[in-house]
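# What the coordinates show
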Amino acid sequence: MDKKIVVLAVDDDMINLKLLKSMLMKNDRIAEVIEARNGADAIGHIKARSDIDLILLDIIMPIMNGIEMLRVVRSD
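Residues numbered from 1 in each chain as written. Predicted model: local features only at pLDDT ≥ 70, side-chain atom pairs only at ≥ 80, totals over all residues. Heavy atoms only, no water.

## Notes on the overall build of the protein
The condition that has to hold: Numbered from the N terminus, helices here are DSSP runs of H or I no shorter than four residues, and strands are runs of E no shorter than two. The globule rule is 2.2 Å times the number of residues to the power 0.38, and the radius of gyration it is compared with is taken over C-alpha atoms. Buried residues are those whose accessible area, probed at 1.4 Å on protein chains only, stays under 20% of the maximum for their type, while exposed residues exceed 50% and partly exposed ones sit between those limits. The criterion used for residue contact is that any of the two residues' heavy atoms lie within 4.5 Å.
Check the secondary structure of the protein and you find three helices and three strands. Along the protein, helices (α) and strands (β) appear in the sequence β-α-β-α-β-α when read from the amino end. Computed over the C-alpha atoms, the radius of gyration of the protein is 12 Å, within 12% of the 11 Å expected from 2.2 N^0.38 for a compact globule of 76 residues. Reported as C-alpha extents along the three principal axes, the dimensions of the protein are approximately 35 × 30 × 15 Å. Evaluated residue by residue, the protein yields a buried proportion of 29% over its 76 residues. Across the protein, contacts joining residues at least 24 apart in sequence account for 63% of those joining residues at least 6 apart.

Structure below.
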């Protein structure tokens, strides 16, 4: 059996996050969708978990935008 995918969805719009999660969870290959409201929150999830397979990232967000988050993740 194929490994199920863990997705980290990052968006400051809660409606977008909930819609994305409900759409993704309809796919049998998705094990879990983790939600983050900004880049800083997402980095916390990435550091806390080693099982994240895919990140869906909004670019324009408060606190830490998507580009800033990518720079931090790539430097780690």
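That was the structure; now back to the text.
## As for the pairing of strand β1 (residues 5–10)
Convention followed: A strand pair is defined by DSSP finding two or more bridges across the two strands.
In terms of burial, β1 is a largely internal element, five of the six residues being buried. Alignment of β1 against strand β2 (residues 30–36), held across six bridges, turns out to be parallel. Paired with I5 across the bridge in β2 is I30. Direction of pairing for β1 relative to strand β3 (residues 54–57): parallel, over a ladder of four bridges. When the sheet's bridge partners are listed, V10 is paired in β3 with L57.

## Observations concerning the nonpolar core
Basically, it comes down to this: The definition of a nonpolar core used throughout is a set of buried Ala, Val, Leu, Ile, Met, Phe, Trp, Tyr and Cys residues joined through side-chain atoms within 4.5 Å.
Counting residues in each nonpolar core, the largest one holds eleven residues, listed as V6, L8, V10, I34, A36, A42, I43, I52, M61, M64 and M69. Residue assignment for this core shows that the elements contributing at least two residues are β1, β2 and α2 (39–48). When residues in this core are grouped by element, the largest group, three residues, is from β1. Every residue in contact with M64, bar those within four places of it in the chain, is listed here: N38, G39, A40, I43, M69 and V72. Within the second largest apolar cluster, six residues are counted, among which are V7, L17, L24 and I30.

## Considering the environment of A36
Inspection of the secondary structure puts A36 in strand β2. Overall, A36 belongs to the buried group, its relative accessible area being 0%. Residues A36 and A48, spaced twelve residues apart in sequence, show a C-alpha to C-alpha distance of 13 Å.

## So, the pattern of salt bridges
Selection rule: Take a side-chain nitrogen of Lys or Arg and a carboxyl oxygen of Asp or Glu: if they are within 4 Å of each other, that pair is a salt bridge.
The final tally for this structure, using the stated rule, is five salt bridges. The closest approach of N and O atoms between R49 and D51, which form a salt bridge, is 2.8 Å. Here R49 falls in the partly exposed class, since its relative accessible area comes to 26%. Sharing partners across several salt bridges, the network here consists of K18, K21 and E35.

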